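Residue strings, one per chain:
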Amino acid sequence: MTYVKNKNGFEIGDWATTIKKVDSCAGYFEKGTKVKVIGKSYRGYDLEDEYGNRVIETGYDSIG
């Protein structure tokens, strides 16, 4: 028998779309923005859009 892990959530390098407004001190991603997962920690995903704008520690409910 082999153990197969379910794919829960996104991994670094995956592209996704924001499902809500994602705020930071310097700006925000609007709902529906295409973003890439560039990091992952216990505080959530670190995201970057196609123009190089980044928001870190966005929680796990920010993208879908």
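My aim in this report is to walk through the structure given alongside it, one point at a time. Nothing here was measured: the structure is a model prediction, and the numbers come from that model.

### Some remarks on the nonpolar core
Working step 1: Core analysis: the largest hydrophobic core is formed by 10 residues, namely Phe10, Ala16, Val22, Phe29, Val35, Val37, Tyr45, Leu47, Val55 and Ile63.
Working step 2: Counting residues per element, the ones that place at least two in this core are strand 4 (34-41) and strand 5 (44-49).
Working step 3: Apart from the residues lying within four places of it in its own chain, the contact partners of Val35 are Asp14, Trp15, Ala16, Thr18, Phe29, Leu47, Glu48, Asp49 and Ile63.

### Re the sheet that holds strand 5
Working step 1: With antiparallel pairing, four strands are arranged side by side in an open sheet as 1-4-5-6. Strands at the two margins of the open sheet, each flanked by one partner only, are strand 1 (15-17) and strand 6 (54-55).
Working step 2: In this structure, strand 1 lies alongside strand 4, joined through three bridges in antiparallel fashion. The partner of Trp15 across the bridge, within strand 4, is Lys36.

### Looking at the side chain of Glu48
Working step 1: Mapped onto the fold, Glu48 is located in strand 5.
Working step 2: Polar side-chain contacts of Glu48 include one of 2.8 Å to the side chain of Arg54.
Working step 3: Dropping the residues within four chain positions of it, Glu48 is found in contact with Phe29, Val35, Lys36, Ile38, Asn53 and Arg54.

So, how was this worked out
- As a convention, each chain's residues are numbered from 1 in the sequence order in which they are written.
- pLDDT decides what is reported in this predicted model: residues at 70 or higher carry local features, side-chain atom pairs at 80 or more are listed and counted, and totals for whole chains, interfaces and linings draw on all residues regardless.
- Heavy atoms from the whole structure form the basis of all side-chain values; hydrogens and water molecules are not counted.
- For the purposes of this section, nonpolar cores are sets of buried Ala, Val, Leu, Ile, Met, Phe, Trp, Tyr and Cys residues that join through side-chain atoms within 4.5 Å.
- Each residue's exposure class comes from its accessible area (1.4 Å probe, protein chains only) as a fraction of the maximum for that residue type: buried when under 20%, exposed when over 50%, partly exposed otherwise.
- Under the scheme used here, helices are H or I runs from DSSP no shorter than 4 residues and strands are E runs no shorter than 2 residues, and both carry numbers assigned from the N terminus.
- When checking whether two residues touch, look at their non-hydrogen atoms; a contact exists if any pair is within 4.5 Å.
- In short, DSSP must find at least two bridges between two strands for them to pair.
- Distance and chemistry together define a polar contact, namely a pair of N or O atoms within 3.5 Å, with one atom able to donate a hydrogen and the other to accept it when in protein, and with adjacent residues in sequence counting only for side-chain atoms on both sides.

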